[in-house]
Amino acid sequence: MEFLEFFKFGIAQFYQYTGFANVTWGHLIMIAIGIFFIALGIIKEYEPLLLIPIGFGMIVGNIPFIGGLQVGVYESGSVLNYLYFGVIKGVYPPLIFLGIGAMTDFSALISNPKLILIGAAAQFGIFAAYISALLIGFSAMEAGAIGIIGGADGPTAIFLASKLAPGMMGAIAVSAYSYMALVPVIQPPIMRLLTSDRERLIKMRPPRAVSHREKVFFPILGILLTTFLVPSALPLLGMLFFGNLLKESTVTRRLANTANGPLIDIVTILIGLTVGASTQATNFLTTDSVLIFGLGALSFIFATAAGVGFVKFLNLFLKEGNKINPLIGNSGVSAVPDAARVSLVEGLKYDKKNYLLMHAMGPNVAGVIGSAVAAGILLGFLY
Amino acid sequence: MKINYKYFIFLFSLLIPLSVGAQSQSDLRINELMINNVDNLVDEYGKNVPWVEIFNTSYNSVNIEECYLTNDTTGFAAGDPSRWYRIPKGDPKTLIPTRGFLVFYLDNLPTYGVFHTNFDPSDSTSSNYIALISSSGKTIIDFFEFPPSLRTATHSYGYKKDYGLDSVEIAGVLVKNKDTLDYFTPGAQNYPIDEATKSELVQAQDQYGIILTIISMTVVFSALFIIYVLLKLSARLNLLVPVWIKKYQDKKQGISSEVAMKKVIDPTKADSGEELAAIGMAIHLHFNKNHDYESEIITIETPKVHASPWAQKQLIHRRIPRRK
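On a predicted model such as this, the values are computed, not experimentally measured, just so you know.

Visitor: Now, about the packing of helix α12 (residues 169-181) of chain A against helix α13 (residues 183-194) of chain A: what can you tell me, with residues and values included?
Guide: Residue and element names in this part refer to chain A. As a packed pair, α12 and α13 sit with axes 5 Å apart at the nearest point and diverge in direction by 65°. Across the interface between the two elements, Tyr-179, Met-180 and Ala-181 of α12 pack against Val-183, Pro-184 and Ile-186 of α13. Broken down by class, the residue content of the contact of α12 with α13 amounts to six nonpolar, no polar and no charged.

So this is what it looks like as structure tokens:
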């Protein structure tokens, strides 16, 4: 009899430690969202490299447990907490930028420099969201962190959120990556709304060949100009241009291959998983998160509209033959290369021979620089 | 003249040590001093003794061990550090954290512990300064002069808003930074009043974010516009530089400039790259077709079997350039 009592007690004790005893509706909702993200990544192939780690991370982060076991991402000393350190301290984003730099070809930008201005115009989305967030009642620091979602650049969003609003980082990162994945869904209606049939048929001149010398000088010029103006963007832009120099110098191929291959893959896995795991239901399922998602969508819409609108404005001053197809305006948001791919797909819908991909890559990579500069400005003003 | 770059690299490497030293003991400053300590800070032994506060101005932790503190003028002039108080090595508390503070008791009782010096500035015959000297004993890191009246005053003396600017704004008024202090703050910042943060000030000035938006968009556009202008210029230079090089080479060889100019390829007729891509693709297709039938064929395909660079000596060693 005593044994039976002890057995029942043991089972009851064990049950208290299981996820079943600690589960809440919040956990289940977040796990469902995680599975949805994984499904989006696998079935629809929307940014699978990001959505699958984030989605799985959401499941990992929402397995219910009793506190104190050192397993949760927010528990000091847990393995996930150590990995999350790279997110909190902004270590991962610059490393990702190193890899992006090492895999980005800036030729499209160098050959047609005016496209760089589209990348600047599209950053308006960041500030539209910033203003909206202030109007809703967020503090300036929170508004700045939310606004950066409009930069459509996950690492930049994480970097800025870790400094300005660490408590909101999970929601901001997930929102940024979700909308980046949904670029093919969000952008086309805005592009169609703002352009006429005639404008969509504009054929742009093929880009000229860019010399090796120009490609080598670009990262050096780029870092000097941008970081002298906005030193707070140094971690991101420094690594971006350094990675690009590794690639373009052609004498450091092994380093470039590591940066744009194994290194960026490892960091993407870590950042995706830990950001996903940071969305614990208790922290994530709040009204603020809903507002952040709403403002994120708004910022993407404004960014796309500003990019397309700016191309139309530029075209007023350009001669026939030099005009820019406004369908590449959406690429000013970073989201490399998805936004450029949207330009290509939309362009081909109206003219089967109008390949806009190379042209769209110009504003697309300019968007990366622009969003990092914008993040640097926000950091300079608000941190 | 043939330039030997090795000498340049050697000379440059000599300059590097000059820049080293940032984020080190040289970032330490004497920030606050109190001599007439009647009922202020109490040391570990329950005594009110004069104290000095050291401030780490850098954004890195700095260890103050083996540095010297002194109010002795003759010692430095004679280069004799034996009379100064040398901060003992090995105490973990001598590591001053980023923008952190450390207090030393100036009680002429060094046997009381690491943070008790061998001099007491309350003696009116002693000098009116305290110096912090580097561990080498050769460089004065900070020289802190104080008014003699501090020996009888019931306040501390130092920097109103910690070491930095000569004058600072307090309650909207610009005041001298190094002065009599209104607060006693040993081991803490000298201006303990909670001020609005940078972001709060921005929000107060710009409630709806319009000004920040205008400024930020202007900066983003300016940054990218400058890149745009330079890329335009570099494109022009890229076309002109080969012409200049050719001209220079021809001039060296004694070819007249007119003849040389004829030889230069017209930059406006430079290939766009499309022709080259088409030729490349044609060659690729042509060779691919025969790829299965011919051995040692030239191909632009990457090898199917990737050898590990770790296993191939020629890939992990830089080739030695051949002297021609």
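Visitor: So what's going on with the pattern of salt bridges? Which residues, and what values?
Guide: Residues and elements named next belong to chain A. Across all of its chains, the model carries eleven salt bridges over all chains by this definition. The partner of Arg-200 in a salt bridge is Asp-197, and the shortest N-O contact between them spans 2.7 Å. Separated by three residues within a single helix, Arg-200 and Asp-197 lie in helix α14 (residues 197-200), roughly one turn from each other. For Arg-200, a relative accessible area of 8% translates into the label buried. The closest approach of N and O atoms between Lys-349 and Glu-346, which form a salt bridge, is 2.8 Å. Of this pair, Lys-349 and Glu-346 both sit in helix α20 (residues 338-350), separated by three residues, roughly a single helical turn.

Visitor: Can you lay out the interface of chain B and chain A for me, pointing to particular residues and giving the numbers?
Guide: It is common to give the size of an interface as the accessible area lost on bringing the parts into contact. In this assembly, 38 residues from chain B lie in contact with 46 residues from chain A. For the pair chain B and chain A, the summed buried area comes to about 3500 Å², and 77% of that belongs to carbon and sulfur atoms. Its largest share of buried area at the contact with chain A, chain B owes to Leu-212, Leu-224 and Leu-231 of chain B, together 17% of the area lost on that side. Between chain B and chain A we count zero salt bridges in total. If you look at where chain B meets chain A, you find three residue pairs in polar contact (both at pLDDT 80 or more).

Visitor: I'd like a rundown of helix α10 (residues 140-147) of chain A, residues and numbers included.
Guide: In terms of residue burial, α10 of chain A counts as a mostly covered element, since six of its eight residues are buried. For α10 of chain A, the full list of buried residues reads Ala-140, Ala-143, Gly-144, Ala-145, Ile-146 and Gly-147 of chain A. Looking at the buried residues of α10 of chain A, the elements they touch are α9 (124-136), α11 (154-164), α12, α19 (287-315) and α21 (357-382) of chain A together with α3 (198-205) of chain B.

Visitor: Report on the sheet that holds strand β10 (residues 140-145) of chain B, specifying residues and quantitative values.
Guide: All names here are of chain B. Within the open sheet, the four strands sit side by side as β6-β5-β9-β10. Their pairing is antiparallel. The sheet terminates laterally at β6 (85-86) and β10, the two strands that pair on one side only. Alignment of strand β9 (residues 129-133) against β10, held across five bridges, turns out to be antiparallel. The partner of Tyr-129 across the bridge, within β10, is Glu-145.

Visitor: Requested: an account of the environment of Ala-281 of chain A, with residues and values cited.
Guide: As for its position among the elements, Ala-281 of chain A is in helix α18 (residues 281-284). With sequence-adjacent residues up to four places away left out, Ala-281 of chain A is seen in contact with Gly-26, His-27, Met-30 and Asn-62 of chain A.

Visitor: Requested: an account of the packing of helix α4 (residues 48-61) of chain A against α12 of chain A, with residues and values cited.
Guide: All names here are of chain A. Interhelical geometry of α4 versus α12 gives an angle of 140° and a closest axis separation of 10 Å. The angle between α4 and α12 places the two elements in the oblique class. Seen along the crossing, α4 lies across α12 with a hand that is left-handed. Here α4 contributes Leu-50, Leu-51, Ile-54 and Met-58 to the contact with α12, which in turn contributes Val-174, Tyr-177, Met-180 and Ala-181. Looking at the contact of α4 with α12 residue by residue, the classes come out as eight nonpolar, no polar and no charged.

Visitor: I'd like a description of the confidence of the model for chain A, backed by residues and values.
Guide: Predicted confidence across chain A gives a mean pLDDT of 90, with 100% of residues reaching 70 or more. Considering each helix and strand of chain A separately, the mean pLDDT is smallest for α18 of chain A, with a value of 82, and largest for α9 of chain A, with 95.

Visitor: Account for the packing of aromatic side chains, with residues named and values stated.
Guide: Counted under the stated rule, the structure contains 20 aromatic pairs over all chains. Judged by centre distance (6.0 Å) and plane angle (70°), the rings of Phe-218 of chain A and Phe-241 of chain A are edge-to-face. Placement of the pair is Phe-218 of chain A in helix α15 (residues 212-229) and Phe-241 of chain A in helix α16 (residues 234-248), with a sequence separation of 23 residues. Assessed through its relative accessible area of 2%, Phe-218 of chain A is described here as buried. Residue class for Phe-241 of chain A comes out buried when judged on its relative accessible area of 2%. Both rings, one in Tyr-45 of chain B and one in Tyr-112 of chain B, keep their centres 4.2 Å apart while their planes meet at 50°; by these two values the pair is tilted. Here Tyr-45 of chain B, found in the loop between β2 (28-34) and β3 (51-56), pairs with Tyr-112 of chain B, found in the loop between β8 (101-105) and β9; they are 67 residues apart in sequence, far enough to count as distant. For Tyr-112 of chain B, a relative accessible area of 24% puts it in the partly exposed group. Lying over the aromatic face of Tyr-350 of chain A, Arg-200 of chain A brings its terminal NZ or CZ to 4.7 Å of the ring centre. Here Lys-161 of chain B stacks its cationic end above the ring of Tyr-191 of chain B, 5.0 Å away from the centre of that ring.

Visitor: Requested: an account of the nonpolar core, with residues and values cited.
Guide: The biggest cluster of nonpolar side chains holds 120 residues, and the ones touching the most others in it are Tyr-130, Ile-146, Ile-172, Phe-218, Leu-240, Ile-324 and Ile-369 of chain A. At 14 residues, the largest contribution of residues to this core is made by α21 of chain A. Once residues within four sequence positions are removed from consideration, Ile-369 of chain A is found in contact with Phe-106, Phe-218, Thr-226, Leu-237, Leu-240 and Phe-241 of chain A together with Leu-224 of chain B. Core analysis: the second largest hydrophobic core is formed by 27 residues, Ile-35, Val-114, Phe-144 and Phe-146 of chain B among them.

Visitor: With reference to specific residues and values, describe the sheet that holds β3 of chain B.
Guide: Residues and elements named next belong to chain B. Spatially, five strands are ordered β8-β3-β2-β11-β14 in an open sheet, and the strand pairing comes out antiparallel. Of all strands in the sheet, those bounded by a partner on one side alone are β8 and β14 (178-180). Sheet twist, expressed as the mean angle between neighbouring strand axes with direction ignored, is 30°. As paired strands, strand β11 (residues 157-159) and β14 are joined by three bridges and run antiparallel to one another. Within β14, the position partnered with Gly-158 by the bridge is Asp-179.

Visitor: Quick rundown of the confidence of the model for chain B? Include the residues and the values.
Guide: Residues and elements named next belong to chain B. Per-residue confidence for chain B averages 79 on the pLDDT scale, and 73% of its residues sit at or above 70. Mean pLDDT across the elements of chain B bottoms out in strand β1 (residues 20-23) (44) and peaks in β8 (95). pLDDT under 50 marks residues 17-23. Its contacts with residues more than four places away, or in other chains, come to six contacts.

Cut-offs used in this document
Residues numbered from 1 in each chain as written. Chains lettered and ligands numbered in written order. Predicted model: local features only at pLDDT ≥ 70, side-chain atom pairs only at ≥ 80, totals over all residues. Heavy atoms only, no water. Axes fitted to C-alpha atoms, helices over the stretch in contact; angles between N-to-C directions. Helix = DSSP H or I, 4+ residues; strand = E, 2+ residues; numbered from the N terminus. Contact = heavy atoms within 4.5 Å. Nonpolar A, V, L, I, M, F, W, Y, C, P; charged D, E, K, R; others polar. Salt bridge = Lys/Arg side-chain N within 4 Å of Asp/Glu carboxyl O. Buried < 20%, exposed > 50% of the residue type's maximum accessible area, 1.4 Å probe, protein only. Buried area = accessible area lost by both parts, 1.4 Å probe. Polar contact = N/O pair within 3.5 Å; in protein donor to acceptor, adjacent residues only side chain to side chain. Pairing = 2+ DSSP bridges. Parallel < 35°, antiparallel > 145°, perpendicular 65-115°, else oblique. Left-handed = near helix turned anticlockwise from the far one by under 90°. pLDDT = per-residue confidence, 0-100. Phe/Tyr/Trp six-rings, centres within 6.5 Å; stacked < 30°, edge-to-face > 60°. Lys NZ or Arg CZ within 6 Å of the ring centre and 35° of its normal. Core = buried A, V, L, I, M, F, W, Y, C linked by side-chain atoms within 4.5 Å.

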